[in-house]
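# Report on the structure
So you can see what is in the structure, the chains are spelled out below.
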Amino acid sequence: MAAAERGAARPTGDNRTSRRRRRRREHCLRTSGYAPGALPGQSLRARAHVGPGRREVSAGKESAGQLFFPGHESRATEALCWAEGQRLFSAGLNGEIIEYDLQALNIKYAMDAFGGPIWSMAASPSDSQLLVGCEDGSVKLFQITPDKIQFERNFDRQKSRILSLSWHPSGTHIAAGSIDYISVFDVKSGSAVHKMIVDRQYMGVSKRKCIVWGVAFLSDGTVISVDSAGKVQFWDSATGTLVKSHLIANADVQSIAVANQEDSFVVGTAEGTVFHFQLVPVTSNSSEKQWVRTKPFQHHTHDVRTVAHSPTSLISGGTDTHLVIRPLMEKVEVKNYDAALRKITFPHRRLISCSRKRHLLLFQFAHHLELWRLGSTVATGKNGDTLPLSKNADHLLYLKTKGPENIICSCISPCGSWIAYSTASRFFLYRLNYEHDNINLKRVSKMPAFLRSALQILFSEDSTKLFVASNQGALHIVQLSGGSFKHLHAFQPQSGTVEAMCLLAVSPDGNWLAASGTSAGVHVYNVKQLKLHCTVPAYNFPVTAMAIAPNTNNLVIAHSDQQVFEYSIPDKHYTDWSRTVQKHGFHHLWLQRDTPITHISFHPKRPMHILLHDAYMFCIIDKSLPLPNDKTLLYNPFPPTNESDVQRRTAHAFKISKIYKPLLFMDLLDERTLVAVERPLDDIIAQLPPPIKKKKFGT
């Protein structure tokens, strides 16, 4: 769910191997250190990935794209919510309320709530007001104005921190969960009208405290609470009395979400289980209804800290870093992609860059960079053999940042002589000199003010130019010469717009620069003439990866809905192959993949080949071969048995390999060498806090 993570990737000693596959040498690195954070907040209109170690927010929009906001050491996000359609707010343990600019991909403003750490937040049904629950027991109401938020009033202060909040659909009352009790407030007066004491009994034993982790206020006045005693309880807010209680877990019930129709809700537990409750008739002919626990789901290994309920699915996420989308089969009319269980694991950003000339990899962590030189082998073998390394990978450089800000982006030049990276407020450029096994690192000082921060960095193929996408929407071209730089030009955004450029691609000859922004559009610039050349026709889904092919200067674009387009930059139109693909359509299994394509590259001697990968597969598309139809086998996991089997499998354009663990990075070093960096999920799980131990029969 990828970002300037708490860890990116690091080669480990027992996995530095070189493989030979079909006359291609391949470096495969198993990594350690990369660990996505947990998901403490969730919204139906976006998926949010937030880590207490990373303190970053990435929001996935309805179009299945992903927007990323860099983290900060002092900001631990505890709550997220949407208001007025597309306005995203967060709050956390530093006591600030933050609104994000979804176009510029930065913080619009931060406001101190003056109540200590903020544990909960909720927008009113009308989206005109914002509530926050604080450490000091205060509930604060803010008015949402067109430009920012404005403090309106405090509600009656409670004796303990406010851990959960929920509005009544009419907007007249709110419920607030604390330690040992639930308060119901009148919004107009700000006074508490009821205080409902929760039962501390847990498995027949009285606990010292009972934490109300979540509350939900229904239209009929019922308040549903979930707590640390493993209970789901129903309260009458008019009388302040307990109506019904369900003991569902031997551990905390940590999250709750209710369907818009209020006929079902979902809860998540610290045992990794998600329970579904539905409102059903007491008898077949009865008009009286009751809440019944209908379905338990176990798709997580650790705490389920957040859940959401969409019209057709249940969404959950938590400490194991997985975002799980479980379809409600009775709500799905057609058995298509929407009916499939989806588990989304990695943030979809590249944290690794490569110097092909020197066989170097630069790994991006939250607060430092690491530079590694790939190992080598002199051994030989047949196709598919794993060869021992004659020289292990070398750790050449550890570059630590100063200050609390996370690294947003980084890049090493193809020649290996330059490293650039950026935080939210500073841009850094370093010159590297190699003397035998030693590296001399020199920082380029006096960076211009307009290069204060970057969202994306890219070097030209000959390492003489640096392209920087600033957080103000401008694209800067910098000339690199010796140990100095010279600013050549800045492509400014259109008047009145500030669109963040999330992806950059430069042609191998250095003449063309493609940039993709938050609006899903792609602009192509002529680097020699320093002007906008063309704009690729708009598409409804965001771009996840793009690259410019050598010789032809065709721009290949992958979108979040798994469509792939090829656009001729010189001719300013889609290529014949791309038009054929759109007319024929991709294989249905290709379109149903969960993870987006994160990188595209090309073989220098095979112009008809497009190389691309996502987190779980590596694919070569051969444009000279016909496209597969839905009746064709897209991927065969078994090795070919004879020559005729090989010919049968090469009958269509897609050659797919799934031999790797989840991929963080893959690229060609030269004509015959491929480097792959994988991150096994088991290793990530091993770095997480231990899950609650369950007693199993016979043990």
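What this report covers is the structure whose coordinates are included nearby. All residue numbers refer to positions counted from 1 along the written sequence of the respective chain. The model is predicted, so local features are restricted to residues of pLDDT at least 70 and side-chain atom pairs to those at 80 or more, both for listing and for counting; the totals for chains, interfaces and linings are taken over all residues. Excluding hydrogens and water, the side-chain figures rest on all heavy atoms present in the structure.

Attention now moves to the overall build of the chain. Scanning the chain from terminus to terminus reveals four helices and 58 strands. Each residue is placed in one exposure class: buried if its accessible area under a 1.4 Å probe, protein chains only, is under 20% of its type's maximum, exposed if it is over 50%, and partly exposed if it falls in between. Scored against the burial criterion, the 699 residues of the chain give a buried share of 57%. Computed by Shrake-Rupley with a 1.4 Å probe, the accessible areas treat only the displayed protein chains as cover when residues are assessed. Carbon and sulfur atoms form 50% of the exposed surface of the chain, whose accessible area is close to 29,900 Å². In DSSP terms, a helix is any run of H or I states spanning at least four residues, a strand is any run of E spanning at least two, and both are numbered starting from the N terminus.

Here we take up the packing of aromatic side chains. In summary, the pairing rule links any two rings of Phe, Tyr or Trp, Trp by its six-membered ring, whose centres are within 6.5 Å, and it sorts them by plane angle into stacked for under 30 degrees, edge-to-face for over 60 and tilted for everything else. Scanning the entire structure with this criterion turns up 17 aromatic pairs. Plain terms: the ring middles of Tyr 421 and Tyr 430 are 6.3 Å apart, the flat faces sit at 5° to each other, and that makes the pair stacked. When sorted by exposure, Tyr 421 lands in the same class as Tyr 430, which is buried. Relative to Phe 654, the ring of Phe 586 has its centre 6.0 Å away and its plane inclined at 80°; by these criteria the two rings are edge-to-face. Placement of the pair is Phe 586 in the loop between helix H1 (576-584) and helix H2 (588-591) and Phe 654 in strand S56 (residues 654-657), with a sequence separation of 68 residues. We classify Phe 586 as buried; its relative accessible area is 7%. What links up through ring pairs into an aromatic cluster is the set Tyr 539, Phe 541, Phe 565, Tyr 567 and Tyr 574. Positioned above the aromatic ring of Tyr 109 is the side chain of Lys 148, whose terminal nitrogen or guanidinium carbon lies 5.3 Å from the ring centre. Sitting over the face of the ring of Tyr 434, Arg 358 holds its NZ or CZ atom 4.0 Å from the ring centroid. Two limits define a charge over a ring: the Lys NZ or Arg CZ must be within 6 Å of the ring centre, and within 35 degrees of the ring normal.

Ranked by size, the top nonpolar core spans 30 residues in total, and within it Phe 427, Leu 429, Ile 457, Phe 459 and Leu 466 carry the most contacts. When residues in this core are grouped by element, the largest group, four residues, is from strand S41 (residues 454-459). For Leu 429, the residues in contact, after removing those within four places along its chain, are Trp 418, Ile 419, Ala 420, Lys 442, Arg 443, Val 444, Met 447, Phe 459, Leu 466 and Leu 480. Counting residues in each nonpolar core, the second largest holds 23 residues, with Val 564, Phe 602, Leu 627 and Ala 653 among its members. To qualify as a nonpolar core, a set must consist of buried Ala, Val, Leu, Ile, Met, Phe, Trp, Tyr and Cys residues joined through side-chain atoms within 4.5 Å. Contacts are assigned to residue pairs with any non-hydrogen atoms lying within 4.5 Å of each other.

With respect to burial, strand S53 (residues 599-603) is a largely interior element, five of its five residues being buried. Neither face of S53 is open: one carries His 599, Ser 601 and His 603, the other Ile 600 and Phe 602, and all of them are buried. Between S53 and strand S54 (residues 606-613), which pair antiparallel and follow one another directly, the connecting turn spans two residues. Following DSSP output, two strands are said to pair if at least two bridges run between them.

Between side chains of opposite charge, a pair can form as their charged atoms come close. A pairing counts as a salt bridge when a side-chain nitrogen of Lys or Arg comes within 4 Å of a carboxyl oxygen of Asp or Glu. Tallied over the entire structure, the rule returns 14 salt bridges. Taking the shortest distance from any N to any O, the salt bridge between Glu 99 and Arg 87 comes out at 2.8 Å. Here Arg 87 lies in strand S7 (residues 87-92) and Glu 99 lies in strand S8 (residues 96-101), a separation of twelve residues in the sequence. Accessibility assignment for this pair places Glu 99 and Arg 87 in one class, buried. Between Arg 356 and Asp 667 there is a salt bridge; the shortest N-O distance is 2.9 Å. Taken together, the positions of Arg 356 in the loop between strand S32 (352-355) and strand S33 (360-364) and Asp 667 in strand S57 (residues 663-670) put the pair 311 residues apart, joining distant regions of the chain. By relative accessible area, Arg 356 is classed as partly exposed at 29%. Ionic contacts of the salt-bridge type, sharing partners, join the residues Glu 84, Arg 87 and Glu 99 into one network.

Relative to the helices and strands, Met 608 resides in strand S54. Its relative accessible area of 38% is what places Met 608 among the partly exposed residues. For the pair formed by Met 608 and Ile 621, sequence separation is 13 residues and the distance between their alpha carbons is 8.0 Å.

Glancing now at the pairing of strand S34 (residues 368-373). As a general feature of sheets, a regular strand has side chains that alternate between the two faces. Counting buried positions over the six residues of S34 gives six, a clear majority of the element. On S34, burial covers both faces: His 368, Glu 370 and Trp 372 on one face and Leu 369, Leu 371 and Arg 373 on the other are all buried. Judged from the five bridges that link them, S33 and S34 form a sheet pairing that is antiparallel. For Leu 361, the partnering residue across the bridge sits in S34 and is Trp 372. Adjacent in sequence and paired antiparallel, S33 and S34 are bridged by three residues. Sheet analysis places S34 next to strand S36 (residues 394-400), joined by six bridges and oriented antiparallel. Along S36, the bridge assignment pairs Trp 372 with His 395.

Turning next to H1. Buried within H1 are the following residues: Trp 577, Ser 578 and Val 581. Down the axis of H1, the buried side of the element spans an arc of 100°, and every buried residue falls inside it. Opposite the buried face of H1, by more than 90 degrees, sit the exposed residues Asp 576 and Lys 583. Buried residues along H1 sit in contact with strand S51 (564-568), strand S52 (573-574), S54 and strand S55 (618-622). What the arc describes is the spread of directions from the helix axis to the C-beta atoms.

Turning our eyes to something else, we now look at the side chain of His 523. With respect to the secondary-structure elements, His 523 resides in strand S47 (residues 522-526). Side-chain atoms alone can form a polar contact between residues adjacent in sequence; in general such a contact is a pair of N or O atoms within 3.5 Å, and within protein one must be able to donate a hydrogen while the other accepts it. At 3.2 Å, the side chain of His 523 forms a polar contact with the side chain of Thr 535.

Reading across the sheet, the four strands line up as S37-S38-S39-S40 and stay open at both edges, with antiparallel pairing between neighbours. Two strands lie at the open edges of the sheet, namely strand S37 (409-412) and strand S40 (438-443), each paired on one side alone. For this sheet the average axis-to-axis angle between neighbouring strands, irrespective of direction, equals 20°. Relative to S40, strand S39 (residues 427-435) runs antiparallel, the two sharing six bridges. Along S40, the bridge assignment pairs Asn 433 with Asn 440. Note on method: axes are straight lines fitted to C-alpha atoms, helices fitted across the in-contact stretch only, with angles between N-to-C directions ranging 0 to 180 degrees.

Right, let's get into the sheet that holds S33. Taken together, the four strands give an open sheet; going across it, the order is S32-S33-S34-S36, and neighbouring strands pair in antiparallel fashion. Edge strands, defined here as strands with exactly one partner in the open sheet, are S32 and S36. Pairwise comparison of adjacent strand axes, ignoring direction, gives a mean angle of 20° for this sheet. When S32 meets S33, the two strands line up antiparallel, connected through four bridges. Among the inter-strand pairings, Cys 354 is bridged to a residue of S33, identified as Leu 361.

Scope: geometric values only; no functional claims are made or implied.
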